[in-house]
Amino acid sequence: MRLLLLLIGFFIPYWLSAQLATVIGTVRDDENRPLPDASIAVVGHGSTSSGANGGYRISVPAGQRIVIRFAYPGAETIEKAIELGPGETKELDVVIRSTVIGPVTVVDDRLRDSGIDKLNARTSHFQPSLGDVNSLLQGSLGVMSRNELSSGYNVRGGNFDENLVYVNGIEVYRPFLVRSGQQEGLSFPNPDLIERIHFTAGGWEARYGDKLSSVLDITYRRPREFDATASASMLGGSLAVGGAMAGQRLRQITGFRYRTLSTLLQGLDTQGDYIPTYTDLQSYWTYDLSDKVELGFLGLYSRNRYDVVPSDRETELGNFNQALRYTVYFEGQERTAYETYSGALSLNVRPSRKLLLNFTGSLFNTYETERMDILGEYLLGELDRNLGSEQFGEVVRDLGIGAYLDHARNSLEATVGAATHTGSYRWGDRSNLQWGVEVRSEQIHDRLSEWYMLDSAGYSIPQSQGDLLNLNTSVKSNIDLESIRSSAFVQNTWEWQTGRDRKWALVAGIRGQNWSYNGQTVVSPRVRLAYHPGWHRVMASGDTVALDYSFWFATGQYVQPPFYRELRDLRGVLHPEVQAQQSIHFILGMDRQFNMWDRPFKFTTEAYYKALSRINPYELDNVRIRYYANNKAMGYAAGIDMKLNGEFIKGVESWAALSVMQTEEDLEGDYYYHYYNKYGERTDAMDTRDRTPADSIRVEAGYIPRPTDQRVNFALFFQDEMPRWPTFKVHVNLLFGTSLPYGPPNETRYADTLRTSLYRRVDIGFSKQLLGAPGQEKSGMLRHVKDLWLSLEVFNLINLNNTVDYTWVQDVQGRYYGIPEFLTPRRINLKLIARF
């Protein structure tokens, strides 16, 4: 702790002492079910939220009359006035009655039965990261994230395109033309607007759509009183304002974000002028037309610009036996722009307490452009590795010299419109029926014109014949695609008791989809069985403690009909014959909720096997996914995930997650030949003199690692607070991942069996609460500030080089070298967060 104090010596910690009392209790709905994540606020002071079982504990000022406000989305707000003496503890249970016609409330037991992991959006404010919601997923089951500049993530061997992302029931998309993480900008979900985040890594219900890997389901808040959040940092800022009007019948929350990554990008190996600017504006409104009808609107405008004029690059690689330096001098520039509009209008109708109907119309439009002309002239040299030499660390031998020209004039416009109806009917006490239909129109207009010329030692590669100049790669296409997708689902949930505290839950459903472009109809049955044994441990005569265990098994056939990018091959040609990829999930899991040190904890583990068929193979180019546009592969993914989360420090959540996984695929026709000379020697061996083939042997590649085959992944997020200074906290984020497969840039997937370096990253943050501590008095304008925090963040604390991609160059002997492209080094960020 002394070392931590030295690091933040410019902070002046202070503590205003006050005598406190404590209020504890449980928040339930009008059907006596516990409500997790209910808001409990002491008016004019601090706030908290209820736990998984609806329980809460909050410190309040003693010796004065205070008002405690209880609120929950879609329910009435209740206020209780109390006055307690110093050190007094009062138990206060509250029942909140449902009033608003919002989405069906899912309590904690149902989340467990559905295999849904609940995440806390407020954690993203203090987690040392760029502030995206996706950083919260790093500790979820099966999630792999290796690029701090990208919002992308992989789940259990899948790529990012295999993940479903919903905001208020509307599916959202990532930019289509993005090549690197720094081009992406802001992800769609705004953390300041979020009420709930639900995530599942497999075996999800039929009500969610058709993808292979995961579901991220986000719900925005419906404020019942004025609140605002503002933040400013060296990387940008944000402002969110919410409130209720017209007797709380009209509610809105609006958020604006601005980000610039200049300070981060200046630490990359490629030096130059970086001008990245990312902005977005989102607004969510709801209005109660009556006690049974609610009208809602969600709108978004986003504009991401990424301009760079590179000047030079210097990268050192290799080992002590052969240390290399790759130097490039650039001319030209790159300009990338994404502009997105999105809107959704919804109508929620509750004819009775058991029936809920939803009707939604949405429209999404994005226009993306990419303009690039970059000339790079490179030198590849070998460094002196003799420790006693005066030239130690300097280039003593030139291995390669050449140049490349990267050109692109690409544009894409995508418009997706959808009309959706969903409904639910609760029949009986323990059964819930859900259904839905959707019709979606998709229009894509894509103009591709990009080529790459490589010149090595004065010779263009590949070598030209005659007067023609052969380019290394060239893609030119003009594509217009219009199609209609129709889908429907129905599912039912059954719950039944078989004894005291012992119950079963079964979720079974079926989903279907038809796509007009390829004429394929797919059907996806899904089932999930959960069991709560209700075990108890006898501690003493007449004294028992409940052991809160849950076990589940889930299976189903999950399909992913192709979207536009899955149809386009490496040459830019569209293949309408591409069919849906398929995956059969088998998941066996358990969790246990328990108390340790009088604080709540939860341990979760899942073992899984996914049988993959009709795989559409792909290659990764930084974050860009380049598909082969065929279904000529089969494969599998298998592993086990474990997660422990809880309050290691009272009132502050931390987590640790470990995943072990293997995923492989077998491509049809992925064979190659070994050639031998007349002496029986391999003609491609380094020491072979006679390279004239005399014989050959065909080799079947068989199963090879998929591009996301990371065997081990570990994530840790730990929060601590200073003794005697609970308003000063430390946040540590640690990620470790084993190597990923990669290979030369060609269509020989069987050659992609090299392995990258390990991924290791530690981020740390120090936060000081300046205003809003329990018992702290505020006057003047500060009375309107609920919380005020100042944070110092150190990204990549141990300054390790993590590789995101490789650049391939050739030396004078025709040997290829993969030059690693590193992510950001150590950087510092200062951030101020205020809540009103």
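This text follows the structure it describes.
Owing to the predicted nature of the structure, the values given are computational and were not obtained by experimental measurement. (Residues numbered from 1 in each chain as written. Predicted model: local features only at pLDDT ≥ 70, side-chain atom pairs only at ≥ 80, totals over all residues. Heavy atoms only, no water.)

As a further point, take the pattern of salt bridges. Applying the stated criterion across every chain, the model contains 46 salt bridges. When the shortest N-O distance is used, the salt bridge between Arg 430 and Glu 495 registers 3.7 Å. With Arg 430 in the loop between strand S23 (395-426) and strand S24 (431-456) and Glu 495 in strand S26 (residues 473-499), this pair connects stretches of sequence that are 65 residues apart. Counted as one network, the salt bridges with shared partners bring together Arg 179, Glu 370, Glu 450, Asp 621 and Arg 624. (Salt bridge = Lys/Arg side-chain N within 4 Å of Asp/Glu carboxyl O. Helix = DSSP H or I, 4+ residues; strand = E, 2+ residues; numbered from the N terminus.)

To continue, consider empty space enclosed by the protein. Taken as a whole and judged by the stated rule, the model has eleven cavities of 30 Å³ or more. Of the pockets and cavities examined, the second largest cavity occupies roughly 370 Å³. Mapped by element, the contributors of at least two residues to the lining of the second largest cavity are helix H3 (123-126), strand S16 (227-233), strand S17 (236-245), strand S18 (250-259) and strand S48 (827-835). Considering each element in turn, the lining of the second largest cavity owes the most residues, four residues, to S16. Residues belonging to the lining of the second largest cavity are distributed by class as follows: eight nonpolar, twelve polar and six charged. (1 Å grid on protein atoms, 1.4 Å probe; cavity = no way out; pocket = protein on both sides within 12 Å on 5 of 7 lines; lining within 4 Å. Points joined across faces, edges and corners; volume = space filled by probe spheres on them. Nonpolar A, V, L, I, M, F, W, Y, C, P; charged D, E, K, R; others polar.)

What follows is about the nonpolar core. Here is a general trend for soluble globular proteins: nonpolar side chains tend to be buried in one another's company. By size, the foremost hydrophobic cluster in this structure holds 28 residues, and its most contacted members are Tyr 153, Ile 197, Phe 199, Leu 216, Ile 218 and Tyr 220. Breaking this core down by element, the ones donating at least two residues are strand S12 (163-167), strand S14 (194-200), strand S15 (214-220) and strand S20 (293-318). Ignoring sequence-local partners within four residues, the contact set of Tyr 220 consists of Val 167, Asn 168, Phe 188, Pro 189, Asn 190, Leu 193, Ile 194, Glu 195, Gln 282, Tyr 284 and Leu 298. Among the nonpolar cores identified, the runner-up in size contains 21 residues, and Ala 38, Ile 58, Val 60 and Ile 68 belong to it. (Core = buried A, V, L, I, M, F, W, Y, C linked by side-chain atoms within 4.5 Å. Buried < 20%, exposed > 50% of the residue type's maximum accessible area, 1.4 Å probe, protein only. Contact = heavy atoms within 4.5 Å.)

One can find Asp 598 in the loop between strand S31 (581-596) and strand S32 (599-615). Sequence separation between Asp 598 and Glu 647 is 49 residues; the distance between their C-alpha atoms is 9.4 Å.

The strand order S3-S2-S5-S6 describes an open sheet built from four strands, whose pairing is antiparallel. Lying at the two open borders of the sheet, with one neighbouring strand each, are strand S3 (47-49) and strand S6 (78-83). Within this sheet the neighbouring strands show an average axis-to-axis angle of 20 degrees, counted without direction. Across six bridges, the pairing between strand S5 (residues 65-71) and S6 is antiparallel. Among the inter-strand pairings, Phe 70 is bridged to a residue of S6, identified as Ile 78. (Pairing = 2+ DSSP bridges. Axes fitted to C-alpha atoms, helices over the stretch in contact; angles between N-to-C directions.)

Our focus in this paragraph is the packing of aromatic side chains. Evaluation of the coordinates by the stated rule reveals 30 aromatic pairs. Note on Phe 594 and Phe 601: the rings are 5.9 Å apart at their centroids and 15 degrees apart in plane angle, and the pair reads as stacked. Connected via pairs of aromatic rings, a cluster forms that spans Phe 594, Trp 597, Phe 601, Phe 648 and Phe 718. For Arg 485, the ring lying beneath its charged end belongs to Trp 515, and the centroid distance is 4.2 Å. In this structure, Arg 698 packs its charged tip against the face of Tyr 671, placed 3.6 Å from the ring centre. (Phe/Tyr/Trp six-rings, centres within 6.5 Å; stacked < 30°, edge-to-face > 60°. Lys NZ or Arg CZ within 6 Å of the ring centre and 35° of its normal.)

Turning our attention to a nonpolar patch on the surface. A grouping of Met 245, Trp 285, Tyr 287, Leu 289, Leu 295, Phe 297 and Leu 345 is seen on the molecular surface, where their side chains present a nonpolar patch of about 600 Å² in accessible area. Looking at the secondary structure, you find Phe 297 in strand S20. (Patch = residues over 30% accessible without salt bridge, like charges linked within 9 Å, V, L, I, M, F, W, Y side chains within 5 Å. Areas by Shrake-Rupley, 256 points an atom, 1.4 Å probe, with all protein chains shown as cover.)

This brings us to the sheet that holds S14. In spatial order, the strands read S9-S14-S15-S12-S13; together these five strands make up an open sheet with mixed pairing. Two strands in the sheet have a free side with no partner beyond their single neighbour: strand S9 (117-119) and strand S13 (170-171). Of the pairings in the sheet, the one linking S12 to S13 comprises two bridges and is antiparallel in character. Bridge pairing in S13 links Val 167 to Ile 170.

Examined against the element boundaries, Gln 513 turns out to sit in strand S27 (residues 502-515). Among the residues examined, Gln 513 registers a relative accessible area of 11% and is labelled buried. Within the structure, the side chain of Gln 513 is placed 2.8 Å from the side chain of Asp 210, a separation counted as a polar contact. Discounting chain neighbours no more than four positions away, the residues touching Gln 513 are Asp 210, Arg 485, Ser 486, Ser 487, Gln 520, Thr 521, Val 522 and Pro 561. (Polar contact = N/O pair within 3.5 Å; in protein donor to acceptor, adjacent residues only side chain to side chain.)

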